[in-house]
Amino acid sequence: MNLLPNFMRLPAAMLLVLVCTQGVAANYVDLRRIEPVHGDAAAGASRAVVCVACHGPNGNAVVPTFPKLAGQRADYIYHRLVEYRNADPNAPYYVASPMPAQAQTLSDVDMRNLAAYFAAQTPTASPTITETGDEQGATLYSNGDPAKGVPPCQGCHGADANGPIITASRYLAYPMLRGQHAAYLVSRLNGYRDKQAHDSTNDFIMRGVAHMLDDGSIHAVAVWLDSLPVVDKH
Amino acid sequence: MTRSLIRFLPLACVLCAASAHADTGIGVDTWRADKLDPTGGMASQACDADGTSWLAPLQRRSPTGNLYNCAPESPRTYELGDWIYYGLIEGGYLGASGDRVALWNRYADWRRNNLVLGLLQVNLERPSDGSYVDVRASRISADDQLYQSVFGRAGAYKVQAFVRDMPNILSTDAKSIWNGVGTNNLTLPASLVPGASTPAQVAAVSAGAPLTTLGVKRSKQGLGVSTYLTPEWTAYVNLSDEERKGTRPYGGPFFFAFAFEGPPFFMQDGGVNETIKPIRDSTININGGLRYAGSQWRFDFSYSGSFYRDKYTAYDYQSPFKLSPLPVIPGAISAPLYQGQMSMEPDNDYHNLQATATRKIAWNGEISFSAAGGRMSQNDSLIPPINCQGVFGIGIGNLQVGPQNPLLYDCSKWNTTDALSQKTADMRIDTTMLDARIRLNPVSQLSLRGSVKFDRQDYRNVYLLYNPLTGQYGYPSENGTQGSIVPGEAGIFDPLTSPSALTRVRSLPLDIQTIDANAGADWRFSEKNTLGATFDFNRYEPTNRERTQIDASSFKLTWVNRSIDWLTLRVNYTYLNQTGNTYNFDPYDFTFSSSLPGYVPPAAGTPSHTVDAMRKYDMSSRDENKIDVMATFMPRDDMTLSASVRGDWNSYDAQIGRQAYDTAGATLQWDWQIAVQSTLGAYIAWDRSRLGLSNVQDQQNGAGVDPALGGANYALIGQWWANDAQRDWYAGLTFNHKFDRVRFDLNWNYLYSRGLTDYSYAGPTALAHLVGNEGPGPGNGAFPSMVYRVNSITAGVTVPVNERVALRLFDYYERGRINDWHYAGFGQGLVAGNRVYTDAGPQGYNANLIGLFVNVKL
């Protein structure tokens with residue numbers, strides 16, 4: 001006896017074939033649909049001992065090639081740690097970085113707690129500023145360079161460079177840039193321009209932006225951002 | 001070289017040559033696909049797992065809130081010198097089973113066991129200069145195939161060519177009593193005597209005839225070139241040729257059948273013959289021009305032309321039944337007509353030249369002027385009025401032409417082109433168009449627009465139906481049979497022998513001038529609300545119609561609201577009023593013999609052409625109210641629910657004619673993008689229409705002279721009303737999902753269409769044909785409902801074998817159920833009395849198509 005009409009038997013068989021299949025994971029962190037990160041800042045403080053060796057007391061890095069973490073958005077810090085944990089330590093972009101190895105020692109809870117901790121710290125001005133930002137950097141940040149197809153940075157990072165004010169989840173992991181070390185920013189932008197960074201969807205956005213930036217523009221906008229006085233958001 | 005090879009030449013040239021220049025905006029038939037893949041190759045493209053944008057999850061939404069389709073997966077490319085390429089070839093087995101009927105095979109050549117090329121697609125690009133070559137092909141059979149090639153260089157030139165064959169099966173259950181189907185000469189078999197066979201003999205021939213498939217194959221080929229002459233100037237030319245070859249069921253009158261069937265009338269009188277028309281024609285289309293796009297000015301100068309050619313000017317057919325005159329004249333004898341002729345569409349040419357200039361102006365605006373002039377002409381050789389031999393008409397006691405037989409005509413005086421007032425048609429319509437439009441955006445919240453358009457069609461030349469051999473006017477109607485059965489209705493006016501015959505003697509020029517003016521504005525009065533208003537005025541000034549001036553004014557209001565984040569609401573309302581000057585119910589007298597010198601009205605007067613209360617629907621005064629409400633809900637980022645309701649109500653100022661035409665509809669559609677490569681959707685739609693009309697049967701057998709409704713001829717007892725109601729339901733479900741590496745797709749579609757025509761009448765004399773049970777007073781009834789119901793379901797699975805090879809297995813099942821009373825009883829035979837039908841009509845069916853394809857990425 002046929003339980004199904006003839007025309008339904010083939011579709012049913014196809015469905016049966018598919019029952020045991022499973023999902024697939026992307027090879028980058030998809031930041032377009034994320035939930036806000038919450039963590040225990042006090043617990044994070046106890047795990048930050050190793051971090052401050054490079055990133056400075058309270059996350060205010062002294063060495064300009066290391067990013068300041070103090071006051072940075074928790075969502076950015078957390079997902080950046082996830083990216084490090086997923087990264088191939090032998091990839092050219094990471095071969096000289098201790099972070100992939102460091103991230104392997106952290107649990108997901110650790111990363112959330114660390115993110116909460118550094119986000120709660122008060123940023124301080126860079127002690128190593130030797131240049132003041134000029135008009136080119138300010139213009140690039142505010143208006144972009146339409147002739148070259150460079151969009152204004154403020155569109156995603158906020159008019160005051162403290163990150164976007166829009167609260168939709170896909171904007172949570174856009175970092176604060178105000179007062180960040182110029183050397184670190186230059187390093188990151190070069191990484192985007194050279195298409196070495198590919199760890200998150202936001203990396204692909206920045207690769208498209210940096211593709212049109214020359215050395216002078218990268219330097220100008222990085223120095224201008226570094227020169228901005230930090231703001232205590234707390 | 002055979003013709004089939006010749007038609008591939010343009011395609012081959014495109015593949016081999018490379019010396020033109022073009023842009024990418026202009027095409028030759030911009031969309032080509034087949035029923036196996038109506039998306040033209042897009043169905044084989046998977047969604048890009050990375051989504052559409054790095055900035056946002058899932059797909060973007062349109063301004064009205066609907067999710068856009070996913071972005072296709074980027075192909076893996078390979079290098080070939082300084083070119084990169086990618087491509088795929090998909091081919092395999094396609095097997096159809098079940099009922100092979102016309103509706104199932106329309107526009108597709110599904111066969112029982114068939115090896116097919118589903119899709120061949122090759123793309124080459126040279127990044128260094130933007131050169132590209134695209135080739136696409138699909139072949140289901142020799143009758144159902146397409147090949148196209150495009151090459152060019154971005155920003156420089158583009159050349160494209162295509163060849164497309166497509167079948168159109170019209171009937172698979174036809175039975176022809178004629179030999180020579182597909183030619184222009186249909187002859188009866190030896191077992192039938194033309195003009196002297198009995199219904200039983202004809203029925204036997206029809207019953208024994210093999211089932212015949214009637215259909216038309218369209219073969220089209222085209223070539224297009226466009227090029228940038230400078231960064232601002234573009235030149236383009238596109239040429240296509242479509243040839244149609246095949247057969248289709250057609251008419252073929254031999255006058256009277258059912259009305260006088262059976263005692264005491266003449267079973268073999270005339271008859272109805274559904275003949276088979278041969279299709280052998282071609283249409284060449286050409287367009288070309290120059291375009292300029294600067295920062296302030298844009299120009300467009302273009303020419304378009306179309307040239308239709310038919311292999312045949314007419315086709316002949318033999319008629320099986322004899323003719324007998326109505327018994328109103330003692331001793332009357334019908335002429336022994338046994339053949340007829342149908343003319344084909346005439347060869348014709350179309351030319352149109354157009355120039356448009358557009359300039360940016362203040363207030364972020366634009367102003368545009370267009371002028372066009374065209375000519376439609378046909379000057380085909382005319383065929384003789386009749387193809388009979390001997391005589392046609394009615395003789396009194398004998399069939400000798402002469403004064404003693406004023407109702408009998410000599411075929412030799414009518415079966416030659418010398419019987420025509422001119423040998424070729426020499427007809428022409430000239431067209432003129434002037435158009436001016438302006439758009440202004442004085443502030444970002446306000447947009448203003450307006451336009452004026454002048455359009456005119458001038459008919460040149462009029463054909464006079466005059467036979468210089470006889471000095472008579474008119475034409476032998478119904479291939480001479482009407483006048484051979486009904487005394488005095490030969491369709492011929494003779495100022496000496498039949499000075500009171502009322503017949504058509506002149507063609508009808510339908511010149512018309514149209515002026516269309518409109519003005520409108522869209523005002524975004526708040527961030528989330530936009531109001532729009534448009535006033536439109538049309539003035540039509542036709543000649544030789546019931547009105548010489550018709551004015552239609554409409555006012556349209558639109559409102560778009562996005563106050564709620566998850567809802568876009570659009571509302572449109574239009575009110576239209578059409579009126580005009582005095583309605584002349586009979587402006588056509590000049591085309592009849594009554595306008596000729598020598599015409600003598602009958603003793604009772606010239607019969608009226610129609611009733612004075614008739615209002616033709618395009619000339620009638622009417623009011624229209626139309627409303628559309630569309631709501632797009634976005635309950636989640638990945639979900640859309642669309643709902644719409646619409647209604648259109650038309651009220652006509654007509655006692656006789658169309659009185660109302662109302663339509664309404666509603667749709668509900670739900671789309672859920674579960675993940676980038678996973679979608680689920682469903683829809684349901686309903687619509688209905690109602691057409692109400694009234695007419696009145698004349699009470700004096702065509703001889704009444706009083707045109708007044710309620711008068712002696714068009715008495716109110718003869719009035720009838722018909723109401724045509726159409727109701728349709730549509731529903732569907734679609735599901736696509738990628739399980740790991742395996743893609744699965746499922747589609748179900750349902751269509752239910754029901755049409756019902758009911759009628760009522762004031763008295764039985766309103767009816768053209770009585771069945772015998774009508775009472776003396778008013779009555780009503782309905783024709784059986786016509787129902788068309790189709791269910792179809794497709795399920796497919798695509799399984800990758802490795803990175804370059806995948807298997808696709810799919811099944812498509814379709815079930816159709818048809819209930820059309822026009823074809824009722826054809827199962828018992830296609831010949832009923834002296835009516836000969838050929839096409840048994842659409843049939844219900846169960847059919848299945850299974851495909852197993854291998855997809856290889858090149």
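Everything numeric in this text was worked out from a predicted model, so none of it was measured.

1. Notes on the overall build of chain B
Argument step 1. If you tally the helices and strands in chain B, you get five helices and 41 strands.
Argument step 2. Rg of the C-alpha trace for chain B: 32 Å, near the compact-globule value of 29 Å for 858 residues, within the 12% margin.
Argument step 3. Here the C-alpha coordinates of chain B stretch approximately 95 × 65 × 55 Å along the principal axes.
Argument step 4. In chain B, which comprises 858 residues, the proportion classed as buried is 43%.
Argument step 5. Considering only residue pairs separated by 6 or more positions, chain B has 70% of its internal contacts joining residues 24 or more positions apart.
Argument step 6. Per element, the accessible surface of chain B, about 40600 Å² overall, is 57% carbon and sulfur.
Argument step 7. The average position of the 74 basic charges and that of the 81 acidic charges among the side chains of chain B differ by 4 Å.

2. Overview of the overall build of chain A
Argument step 1. When its secondary structure is counted, chain A shows eleven helices and zero strands.
Argument step 2. Within chain A, the proportion of its 234 residues that are buried is 46%.
Argument step 3. In chain A, 72% of the contacts between residues at least 6 apart in sequence involve partners at least 24 apart.
Argument step 4. For chain A, the exposed area adds up to about 11800 Å²; of that, 60% sits on carbon and sulfur atoms.

3. Thoughts on the packing of helix α9 (residues 182-193) of chain A against helix α10 (residues 201-210) of chain A
Residue and element names in this part refer to chain A.
Argument step 1. Interaxial distance between α9 and α10 falls to 7 Å at its minimum, and their mutual angle equals 90°. In this view, α9 runs roughly perpendicular relative to α10, as classed from their interaxial angle. Side by side, α9 and α10 meet where Arg188, Leu189, Tyr192 and Arg193 of the first sit next to Asp203, Met206, Arg207 and Ala210 of the second.
Argument step 2. Grouping the amino acids of the contact of α9 with α10 by side-chain chemistry returns four nonpolar, no polar and four charged.

4. Quick look at the environment of Thr275(B)
All names here are of chain B.
Argument step 1. With respect to the secondary-structure elements, Thr275 resides in the loop between β10 (272-273) and β11 (276-293).
Argument step 2. Exposure remark for Thr275: the relative accessible area of 0% places this residue in the buried category.
Argument step 3. Spatially, the C-alpha atom of Thr275 lies 9.6 Å from that of Met342, the residues being 67 residues apart in sequence.
Argument step 4. Beyond its immediate chain neighbours, meaning those up to four positions away, Thr275 contacts Trp178, Leu186, Arg248, Pro249, Tyr250, Gly251, Gly252, Tyr315 and Tyr317.

5. Digging into the packing of helix α7 (residues 135-143) of chain A against helix α11 (residues 215-227) of chain A
All names here are of chain A.
Argument step 1. Look at α7 against α11: their axes get within 7 Å of each other, and the N-to-C directions meet at 90°. In terms of orientation, α7 and α11 fall into the roughly perpendicular class. Judged by residue contacts, Gln136, Gly137, Ala138, Leu140 and Tyr141 of α7 engage Gly216, Ser217, Ala220, Val221, Trp224 and Leu225 from α11.
Argument step 2. Its residues assigned to classes, the contact of α7 with α11 shows seven nonpolar, four polar and no charged.

6. Side note on the sheet that holds strand β7 (residues 185-186) of chain B
Residues and elements named next belong to chain B.
Argument step 1. Read across the open sheet, the three strands follow the order β7-β13-β15; overall the sheet is mixed. Looking at which strands have only one partner, the edges of the open sheet turn out to be β7 and β15 (339-343).
Argument step 2. Here strand β13 (residues 314-318) runs beside β15; their pairing, made up of five bridges, is antiparallel. Residue Tyr315 lies in a different strand from β15, and its bridge partner there is Met342.

7. Points about the state of the cysteines
Argument step 1. Counted under the stated rule, the structure contains one disulfide over all chains.
Argument step 2. What pairs with Cys388(B) in a disulfide is Cys411(B), and their sulfur atoms sit 1.9 Å apart. Handedness of the Cys388(B)-Cys411(B) disulfide follows from its S-S torsion of about -115°: it is left-handed. Of this pair, Cys388(B) sits in the loop between β17 (365-378) and β18 (391-396) while Cys411(B) sits in the loop between β19 (408-410) and β20 (427-443), and the two are 23 residues apart along the sequence.
Argument step 3. Counting only cysteine sulfurs, Cys51(A) is the nearest neighbor of Cys54(A), a cysteine outside any disulfide, at a range of 8.9 Å.
Argument step 4. Of all cysteine sulfurs, the one in Cys156(A) lies closest to Cys153(A), which takes part in no disulfide; the gap is 9.0 Å.

8. Section: the sheet that holds β19(B)
Residue and element names in this part refer to chain B.
Argument step 1. Pairing is antiparallel in the open sheet, where three strands are placed in the order β14-β18-β19. The two strands at the open ends of the sheet, each matched to only one other strand, are β14 (332-334) and β19. On average, each strand axis in the sheet is inclined to that of its neighbour by 25°, with strand direction left out of account.
Argument step 2. Note that β14 and β18 share three bridges and pair antiparallel. Note that in β18 the partner of Ala332 across the bridge is Ile396.

9. Concerning the nonpolar core
Argument step 1. One finds Leu81(A), Phe118(A), Tyr141(A), Leu189(A), Leu213(A) and Leu225(A) to be the most contacted residues of the largest nonpolar core, which totals 51 residues.
Argument step 2. Elements represented by at least two residues in this core include exactly α4 (74-86), α5 (99-104), α6 (108-119), α7, α9, α10 and α11 of chain A.
Argument step 3. Excluding anything up to four places from it in sequence, Phe118(A) contacts Ala48(A), Cys51(A), Val52(A), Asn58(A), Gly59(A), Leu69(A), Ala70(A), Gly71(A), Gln72(A) and Ile77(A).
Argument step 4. Listed in part, the 30 residues of the second largest apolar core include Ile177(B), Leu186(B), Leu323(B) and Met344(B).

10. Regarding the confidence of the model for chain A
Residue and element names in this part refer to chain A.
Argument step 1. Looking at chain A as a whole, its pLDDT mean stands at 85, while 86% of the residues score no less than 70.
Argument step 2. Within chain A, α6 carries the highest mean pLDDT (96), whereas helix α1 (residues 6-18) carries the lowest (42).
Argument step 3. A low-confidence stretch, residues 1-25 (pLDDT under 50), is modelled with 29 contacts involving residues beyond four sequence positions or located in other chains.

11. Concerning unusual backbone geometry
Residue and element names in this part refer to chain B.
Argument step 1. In this structure, Asn544 is a non-glycine residue whose phi angle is positive, near 60°.
Argument step 2. Residue placement: Asn544 occurs in the loop between β26 (529-542) and β27 (550-561).
Argument step 3. The phi dihedral of Asn701 is positive, around 50°, even though this residue is not glycine.
Argument step 4. Inspection of the secondary structure puts Asn701 in the loop between β33 (678-696) and β34 (719-739).

12. Section: the packing of aromatic side chains
Residues and elements named next belong to chain B.
Argument step 1. Tallied over the full model, the rule gives 32 aromatic pairs over all chains.
Argument step 2. Geometrically, the ring pair formed by Trp523 and Phe525 is tilted, given 5.5 Å between the ring centres and 50° between the ring planes.
Argument step 3. The partly exposed category is assigned to Phe525, whose relative accessible area is 38%.
Argument step 4. Members of the aromatic cluster, connected to one another through ring pairs, are Trp233, Tyr292, Trp297, Phe299 and Phe301.
Argument step 5. A cation sits over an aromatic face here: Lys277 above Tyr250, 4.4 Å from the ring centre.
Argument step 6. One cation-aromatic arrangement involves Arg658 over Tyr617; the distance from NZ or CZ to the ring centre is 4.1 Å.

13. A look at the pairing of strand β5 (residues 144-153) of chain B
All names here are of chain B.
Argument step 1. Burial runs high along β5: nine of the ten residues are buried.
Argument step 2. Summarising the sheet, strand β4 (residues 131-141) and β5 pair through ten bridges and their orientation is antiparallel. What sits directly across from Asp134, in β5, is Val150.
Argument step 3. In sequence, β4 turns back onto β5 through a hairpin of two residues.

14. Topic: the pattern of salt bridges
Opposite charge on two side chains lets them pair, provided their charged atoms get close.
Argument step 1. Evaluated as defined, the whole model comprises 35 salt bridges over all chains.
Argument step 2. The salt bridge partner of Asp30(A) is Arg32(A), with a shortest N-O separation of 2.9 Å.
Argument step 3. Taking the relative accessible area as the measure of exposure, Asp30(A) reaches 34% and is therefore partly exposed.
Argument step 4. With a shortest N-O distance of 3.0 Å, Asp745(B) and Arg808(B) are connected by a salt bridge. In this pair, Asp745(B) sits in strand β35 (residues 742-761) while Arg808(B) sits in strand β38 (residues 805-819), placing the two residues 63 residues apart along the sequence. For the pair Asp745(B) and Arg808(B), one class covers both residues: buried.
Argument step 5. Put simply, Arg375(B), Arg428(B), Asp430(B) and Arg460(B) are held in one network by salt bridges that share partners.

15. Let's talk about α4(A)
Given 3.6 residues to a turn, an α-helix orients residues that are three or four positions apart in the same direction.
Residues and elements named next belong to chain A.
Argument step 1. Between the first and last C-alpha of α4 there are 18 Å, a value that for 13 residues agrees with the 18 Å anticipated at 1.5 Å per step.
Argument step 2. For α4, the tally of buried residues reaches eleven of 13 residues, placing the bulk of the element in the interior.
Argument step 3. Turning to α4, its buried residues number three or more, namely Ala74, Asp75, Tyr76, Ile77, Tyr78, His79, Arg80, Leu81, Val82, Glu83 and Tyr84.

Calculation rules
- Residues numbered from 1 in each chain as written.
- Chains lettered and ligands numbered in written order.
- Predicted model: local features only at pLDDT ≥ 70, side-chain atom pairs only at ≥ 80, totals over all residues.
- Heavy atoms only, no water.
- Helix = DSSP H or I, 4+ residues; strand = E, 2+ residues; numbered from the N terminus.
- Rg over C-alpha atoms; globule rule 2.2 N^0.38 Å.
- Buried < 20%, exposed > 50% of the residue type's maximum accessible area, 1.4 Å probe, protein only.
- Contact = heavy atoms within 4.5 Å.
- Areas by Shrake-Rupley, 256 points an atom, 1.4 Å probe, with all protein chains shown as cover.
- Lys, Arg positive; Asp, Glu negative; His and termini not counted.
- Charge placed at Lys NZ, Arg CZ, Asp CG, Glu CD.
- Axes fitted to C-alpha atoms, helices over the stretch in contact; angles between N-to-C directions.
- Parallel < 35°, antiparallel > 145°, perpendicular 65-115°, else oblique.
- Nonpolar A, V, L, I, M, F, W, Y, C, P; charged D, E, K, R; others polar.
- Pairing = 2+ DSSP bridges.
- Disulfide = S-S within 2.5 Å.
- Core = buried A, V, L, I, M, F, W, Y, C linked by side-chain atoms within 4.5 Å.
- pLDDT = per-residue confidence, 0-100.
- Phe/Tyr/Trp six-rings, centres within 6.5 Å; stacked < 30°, edge-to-face > 60°.
- Lys NZ or Arg CZ within 6 Å of the ring centre and 35° of its normal.
- Salt bridge = Lys/Arg side-chain N within 4 Å of Asp/Glu carboxyl O.
- Expected span 1.5 Å × (residues − 1).

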